[in-house]
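Below are the chains, spelled out letter by letter.
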Amino acid sequence: MNNKRMIIWIMVTGITTLLASSLYAGACGMSGMMGGGSCGQHEEKHQAAVSEKVKCAYDGMEMDKKEMKASMRYKGKKLYFCTKNEMKEFKKDPQAYLSGGKKGTMTTTTEPNAQYTCPMHPEVISDKPGNCPKCGMNLVKKK
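As the structure is a prediction and not an experimental result, all values here were calculated from the model. (Residues numbered from 1 in each chain as written. Predicted model: local features only at pLDDT ≥ 70, side-chain atom pairs only at ≥ 80, totals over all residues. Heavy atoms only, no water.)

(A) The environment of M72, seen in detail. You can see M72 is positioned in strand β3 (residues 70-74). Taking the C-alpha atoms as reference points, M72 and M87, 15 residues apart in sequence, are found 8.1 Å from one another. For M72, the residues in contact, after removing those within four places along its chain, are K77, K78, L79, F81, M87, F90 and K91. (Helix = DSSP H or I, 4+ residues; strand = E, 2+ residues; numbered from the N terminus. Contact = heavy atoms within 4.5 Å.)

(B) Layout of the nonpolar core. Among the nonpolar cores identified, the biggest contains 25 residues, and F81 and F90 are the most heavily contacted of them. Secondary-structure elements contributing two or more residues to this core are β3, β4 (77-81) and α4 (84-92). Setting aside anything within four residues of it in sequence, one finds F81 in contact with C56, A57, Y58, M68, K69, A70, S71, M72, E86, M87 and F90. (Core = buried A, V, L, I, M, F, W, Y, C linked by side-chain atoms within 4.5 Å. Buried < 20%, exposed > 50% of the residue type's maximum accessible area, 1.4 Å probe, protein only.)

(C) Representation of the sheet that holds strand β5 (residues 116-117). Strands sit in the order β6-β5-β7 across an open sheet of 3 strands; the sheet is antiparallel. Every interior strand has two partners, whereas the edge strands, β6 (125-126) and β7 (140-141), have only one. Examined bridge by bridge, β5 and β6 share 2 bridges and lie antiparallel to one another. What sits directly across from T117, in β6, is I125. (Pairing = 2+ DSSP bridges.)

(D) Fine view of the pairing of β3. Side chains A70, M72 and Y74 project from β3 onto a buried face, and the interleaved S71 and R73 project onto a face without burial. Sheet topology note: the β3/β4 ladder contains 5 bridges and is antiparallel. Paired with Y74 across the bridge in β4 is K77. Connecting β3 to the next strand, β4, in antiparallel fashion are 2 residues, including K75 with a positive phi near 50°.

Dropping the structure here:
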């Protein structure tokens with residue numbers, strides 16, 4: 001076999017191997033290698049499905065649905081809450097929260113020697129009410 005034919009044979013074999021391995025790896029294989037980008041788009045759609053964001057009906061905090069600590073049905077709609085205490089407060093006057101006339105905050109007035117923590121990140125401790133530096137949620141008085 002002369003050099004020219006050998007080079008062509010190597011190229012054809014390489015391309016065939018590449019195509020076969022891409023088909024075996026799945027639909028994202030060639031598009032990702034060829035710069036089509038659909039593999040990345042597929043991954044983004046997958047991530048979006050895995051981590052669905054929802055708003056807390058009590059204070060409007062947006063979080064992953066999986067991180068919400070409580071939920072309830074109200075007039076056929078599922079509502080989510082950051083904490084069970086927020087759900088309890090919401091139940092006292094649901095219409096006020098849903099109409100936007102009332103926005104919940106779980107902070108209280110500062111008391112001497114009181115400590116405040118985040119319901120989602122108990123390692124966050126403060127000597128005054130405020131927002132969690134990790135998630136922005138209202139700090140609550142530590143019991």
